[in-house]
Amino acid sequence: MGLKRDVSLMTALRYKGQGPFLTYILHRIGGLGMAVFISIHLLASFLGGSGGRFVNNIYQNWAFQIFIFFCVLFHAINGLRITILDLFPKLIEYHRQAITIEWAAFLAIYGFAVFNIIRTALGG
Amino acid sequence: MEITIKIFRYDPEKDTRGHYETYVVEGDTNDRVLDVLELVKGKTDGSLAFRRSCAHGICGSDAMRINGRNHLACKTLVRDVGTNITVEPVLGLKVQKDLIVDMGPFFDNYKMMLPYLINENPPPADGKERLQSPEQRARFDETTKCILCAACTTSCPSYWANGDYYGPAAIVTAHRFIFDSRDEGASQRLHILSETDGTARCHTAYNCTEACPRDIKITKAIGEVKMAMVTGKLD
Amino acid sequence: MAKVHQFDVVVIGGGGAGLMAGLYASKSAKTAVISKMYPTRSHTGAAQGGISAALGNYEEDKPEWHMYDTVKGSDYLGDQDAIEFMCNEAIDAVLELEHMGLPFDRTPEGRISQRPFGGHTNNETGKPVRRAAHAADRTGHMILQTLYQQCLKNKVNFFDEYQVLDFIMVNGKAAGVVAVELSTGELHTIHAKAVIFATGGYGRIFEVTSNAYAYTGDGPAILFRHGIPLEDMEFFQFHPTGIYKLGILITEGARGEGAVLINGNGERFMPKYAPTVKDLASRDIVSRAIYTEIKEGRGIGGKNFVYLDIRPETVNKFAAMDGRTNPDGSPLLITGDTVLQKIPDIVDFCRVYLGVDPVTQLMPTQPTAHYAMGGIPTNKFGEVVIDDKNTVFPGLFAAGECACVSVHGANRLGTNSLLDIVVFGKHAGLRAAEYAKTAEFEKLPEDAESASRAEFDALRKGSGKENVYDLSNEMKQVMFADVGIYRNEKDMQTALEKVRELKVRFKDVTVSDTGKIFNTELLNAWEFGNLLDVAEVIALSALNRKESRGGHSREDFPDRDDKNWLKHSLVWNRNGKLEIGYKPVVITKHQPKARVY
Amino acid sequence: MAAKSRNLSIAKRGLMSFETIMWAFTRLSALGMYVLIIFGLIGALIMGARRNMNFADVMRWAFMPNVTHVENTNLPDTTPWASPLWKLTASALLVIAVGHGVHGLVVIADDYIVTARGRQIVRILSGVMILSMIGIGLYLIWTS
Ligand SMILES: Cc1cc2nc3c(=O)[nH]c(=O)nc-3n(C[C@H](O)[C@H](O)[C@H](O)COP(=O)(O)OP(=O)(O)OC[C@H]3O[C@@H](n4cnc5c(N)ncnc54)[C@H](O)[C@@H]3O)c2cc1C
Ligand code: HEM
Ligand code: SF4
Ligand code: F3S
Ligand code: FES
């Protein structure tokens, strides 16, 4: 009896009072994105042929580059924070500060990268 | 002052799904949200169901979502959340009626942690207390504060996704014993927590720490447990 | 279909007393603990300051002193055989809790730390002694957790969220209880040889109280309706320092750590009332002092509260004046950090509920209804006794706040209640198990649940003219105002009449929720009926006792009267009519004398 | 009072479980990847990346220092980029990243697959995936 315990993603995202729940979701998206990309990329390169080339050409596309670089960079920076805090639990008291620094670093590097990718794409 | 309170309602004997009701009551900014709920129940709709007892944040009965996040209704004042209040049951446990959820799985996880002092050696021969220095006592002070309200576990995205995860509250309990210098069951508990549904399910989302009404630094405690698993250091 | 369960011993209440009883009974008998809340929600968890035992970990102390202090604190109404028993058991009880894993605070030598508490003194110097063993300011929380954990370890059977509605007696013996499972609304019959009541207090009778919503006197009311008497119900303790308006408790431990009470003129007033121990006098005295200050216009801004001051500069100033010292003999000096470390929860309460930071600001406090000295009469083994000759009711036991042994007499000393619940909880459990070994199960009556069903039906069928919420507010107000700290004939008469009127009007309430699952409206109404029954007994006993003693102070009889009133009162319910009787006080070592602190 | 410190031997601390080992591996591999990536980045800069490559190309190289990743650049000569040193670095990165990434997928799967049997299947699949991806990857690296 009673309602199900399921929590939909929308409900989860609407939950307030989150710690850096957003970073948790983005970290996951980043990791997943990379893993899927790498698998397909490896397979495509291995099989080669026109199909393989077609797939690998998508990766040269600037829009895809912006996406995958987001995955890589966010996952890497956030992963570094998690690793450091996990290995030194004492530092967890400063997790809010860590997250602020993390976002600052991410936005700076990612902004620079997006700017560059678009400039290259526009042939500049 | 007028307080508008929107409450999640679900009557298992009539409804198949929940809905919201809005009530307007006369209250004061210094009222607890619990007082407002009592007022609604007392004056407007007696069938409203929620748990409460101590009314001052010590018994852990009344964890619920207030304006979208977990709080104890008795430790949240109207002045902190405003006069437009939304109250919903916590997430991740079955709703049994209105704001009451099934706490069974939560307590089952607690029991899994062997939540009692394990020390097979007889107490000192003089019959007196087992000695413990103030520093050793301080080591686990934080996690002795837990009132088992479930605010943490029901705010954890990992628990939402997977109800088999033991959850932060259970790990807090394990921490209380693992780091107690008198206890000798650390190894058993660490082994239980090293299973797939143990600490591996914690992805340091921090929702738990934010939600804890007793201000326990839960994520830190979990981190310490994980490190104890790797390094074996219990001090 | 009736659901029947069978156990040798059934314990009602999952608080400190109930868990201790359950733990000990289950060692040799098939035992179940029934609680209307998850046991960890019990109000034992709210106890802050500590549990007393003459461990002497900081300074000399002995059980005899503890006994004398308790007798004196009780205003000589406590039964001295029981008090002596409890104080002697205290040391082992506290050590046993430690062995069970309770995380007491520690002395530098690694022993259990202790702090001073009101009324606990060194009998030779008259100075406060450090007797309260504590775990920060959540001693009760730790006791509750530890006992629950031990019960889990020993696989005690729990019926969580089952509310007991009725007691089954057959042939003048206990035969079990009837309980409702909250999550389904089903009635269950628990057939047992021995029944232990440990349902806690009933402070919800009063408007301003430190007590939980669940403190509705279910146990005493159920038994009272079955003709078991209630003892010393006029004695209700008002704790001096409740948070203004809310009644949430600020532990006496705060004063133990050096806090002082300040009136509207900015003066420390306790030296006037208790020259030796000052702010650490026993509770009845401090509460009356506060009330007197307020009545004489020296409340803060003329209002009905005073300040409790634990700011380090104040504490240090007065500690120097009083010559208070640390355990090592150095002068008592505290800092803001000491406050945070010694009473963290209190600091938290003040910040949350008052927006006040005790380290730098004053805490507005007023006396709050706190503890029921009276209750179900028992002997020191927890056996319920039903008359002035202490006749034991076979198979029925009680322990904890709902019981009256009586070790608290007319006024309980702080920290003695936690001691009471562990000592008498344990003995009730042991005795009950022993009783169950030889006793037979009584045959259950045809329909044991009919009375409970009838009570529920009555609540559903009322005309609906009245509303429980309003009625209960009326009761709380009149009880707090007229049967509160100061009492007199006229006011108490008003209160008694009011309660009786409310009992009549209560027949007109109706419960709107027709469901079975978690019908909290129905149960709250039922609990209110219990409160009314208990309130009537309190008002009647108070009106009857024509003297002032401990927690019972009458303006019209301001003095203690040992000649006529050195006796316990008992009230019976004889088919709806209340009857008053008495029972002698057991006096062994300490003859009554004037009580000065 | 003197307190002696408490330590658990390796068998007793819960380290010898798949989850704990993988937890530690995830963190350590993360650090390892950082080292290798920064190594690749510095190498690229020394070998003249600033003049001849755009940002995306540098990144692609840093994250996987395989010579195919610099074929479409303006580099006059890619021989140094195909040296065994870089092939070794790329191989190390491949092994670590595949282990880390595929186990990451297992972690995510564990949130939704809770039966013992299901989890066993996921683990077996992940093993197959790790081995085949490393095989393919090494083949690509050492044949290009
Ligand atoms: C704020 C506060 C601070 C205190 N501080 C101290 C202190 O520092 N030192 C000290 O010595 N004392 C202190 N006391 C007093 C002491 O805590 C209590 O008197 C004592 O804990 C009572 O324990 P108990 O086991 O009798 O009841 P409780 O712990 O209240 O347990 C009652 C149990 O009965 C159950 N129950 C009730 N009715 C029913 C029913 N109908 N059916 C089934 N179950 C039922 C409840 O669920 C609960 O589990 C304090 C009290 C308060 C309120
Ligand atoms: C510098 C590079 C990287 C760092 C620092 C890093 C760090 C981390 C860390 C610390 C975690 C654990 C998160 C947790 O348990 O909460 C993690 C998880 C994960 N990583 Fe990485 N990682 C890196 C590169 C990669 C790569 C290249 C891949 C893909 C192949 C990847 C895929 C994943 C996946 C799928 C997860 C699981 C996500 C989750 O649990 O939500 N990571 N990473
Ligand atoms: S850790 Fe905090 S939030 Fe979690 S159950 Fe305990 S008190 Fe509640
Ligand atoms: S919210 Fe959950 S993921 Fe970990 S840090 Fe807290 S338990
Ligand atoms: S009612 Fe006890 S914690 Fe809120």
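See the structure above.
As a convention, each chain's residues are numbered from 1 in the sequence order in which they are written. Following the order in which they are written, the chains are lettered starting with A and the ligands numbered starting with 1. Given that this is a predicted model, residues contribute local features only at a pLDDT of at least 70 and side-chain atom pairs are listed and counted only at 80 or more, while totals for whole chains, interfaces and linings are drawn from all residues. The side-chain quantities take in all heavy atoms of the structure and omit both hydrogens and water.

A. Representation of unusual backbone geometry in the model. A cis amide bond links C:Val405 with the next residue in sequence, C:Ser406, at an omega value of 0°. Numbering of helices and strands runs from the N terminus; a helix is a DSSP stretch of H or I covering at least four residues, while a strand is a stretch of E covering at least two. Inspection of the secondary structure assignment puts C:Ser406 in the loop between strand 18 (403-404) and helix 12 (416-438). We note that B:Asp215 has phi near 55°; this positive angle belongs to a residue other than glycine. Unlike most non-glycine residues, C:Phe518 shows phi in positive territory, near 40°.

B. Representation of the side chain of B:Asn119. Residues and elements named next belong to chain B. Position of Asn119 among the secondary structure elements: in the loop between helix 3 (104-112) and helix 4 (134-139). There is a polar contact of 3.0 Å between the side chain of Asn119 and the backbone nitrogen of Asn121. Contacts described as polar in this section are N or O atom pairs within 3.5 Å, which, within protein, must combine one atom able to donate a hydrogen with one able to accept it, while residues neighboring in sequence count only if both atoms come from side chains. Among the polar contacts made by the side chain of Asn119, one reaches the main-chain carbonyl oxygen of Arg182 at a distance of 2.8 Å. Excluding anything up to four places from it in sequence, Asn119 contacts Arg130, Arg182 and Glu184. By the convention used here, residues are in contact when the closest approach between their heavy atoms is within 4.5 Å.

C. Geometry of the site of ligand 2. Neighbouring ligand 2 are 23 residues, the closest being A:His27, A:Arg28, A:His75, D:Arg27 and D:His100. At the site occupied by ligand 2, nearby residues are drawn from chains A, B and D. Between ligand 2 and A:Arg28 there is a distance of 2.7 Å, counted from an oxygen atom to a side-chain nitrogen or oxygen. Between D:His100 and ligand 2, the recorded distance is 2.7 Å, taken from a side-chain N or O atom to a nitrogen atom. Elements with a minimum of two residues in the shell around ligand 2: helix 2 (21-47) and helix 4 (62-87) of chain A together with helix 1 (18-46) and helix 4 (84-110) of chain D. Among the elements that make up the shell around ligand 2, the one with the highest residue count is helix 2 of chain A (seven residues). Neighbouring residues are identified by heavy atoms, a residue being near a molecule or strand if any of them is within 4 Å of it.

D. The site of ligand 4, seen in detail. Residue and element names in this part refer to chain B. Neighbouring ligand 4 are 13 residues, the closest being Cys156, Cys202, His203, Tyr206 and Cys208. Mapped onto the shell around ligand 4, the elements with two or more residues apiece are helix 9 (207-211) and helix 10 (218-231). Of the residues belonging to the shell around ligand 4, the class tally is nine nonpolar, four polar and no charged. Three residue categories are used. Nonpolar comprises Ala, Val, Leu, Ile, Met, Phe, Trp, Tyr, Cys and Pro, charged comprises Asp, Glu, Lys and Arg, and polar comprises the others, including Gly.

E. How the structure looks around the coordination of the iron atom of ligand 2. Note that water is not among the atoms used; donors are N, O and S atoms within 2.8 Å of the metal (3.2 Å for Na, K and Ca), so sites may look incomplete. Coordination of the iron atom of ligand 2 by the protein involves A:His75 (NE2) and D:His100 (NE2), with metal-donor separations of 1.9 to 2.0 Å. A site with four donors is called tetrahedral when every donor-metal-donor angle falls between 85 and 135 degrees; four donors are called square planar, and six octahedral, when opposite donors sit more than 155 degrees apart and all other angles fall between 65 and 115; any other arrangement is irregular. Between the six donor atoms coordinating the iron atom of ligand 2, the angles at the centre fall across 86 to 179°, so the site counts as octahedral. Separated into two different chains, A:His75 in helix 4 and D:His100 in helix 4 make up a pair that spans both. Across this residue pair, the class does not change: A:His75 and D:His100 are buried. For each residue, the accessible area found with a 1.4 Å probe, counting protein chains only, is set against the maximum for its type, and the residue is called buried under 20%, exposed over 50%, and partly exposed in between.

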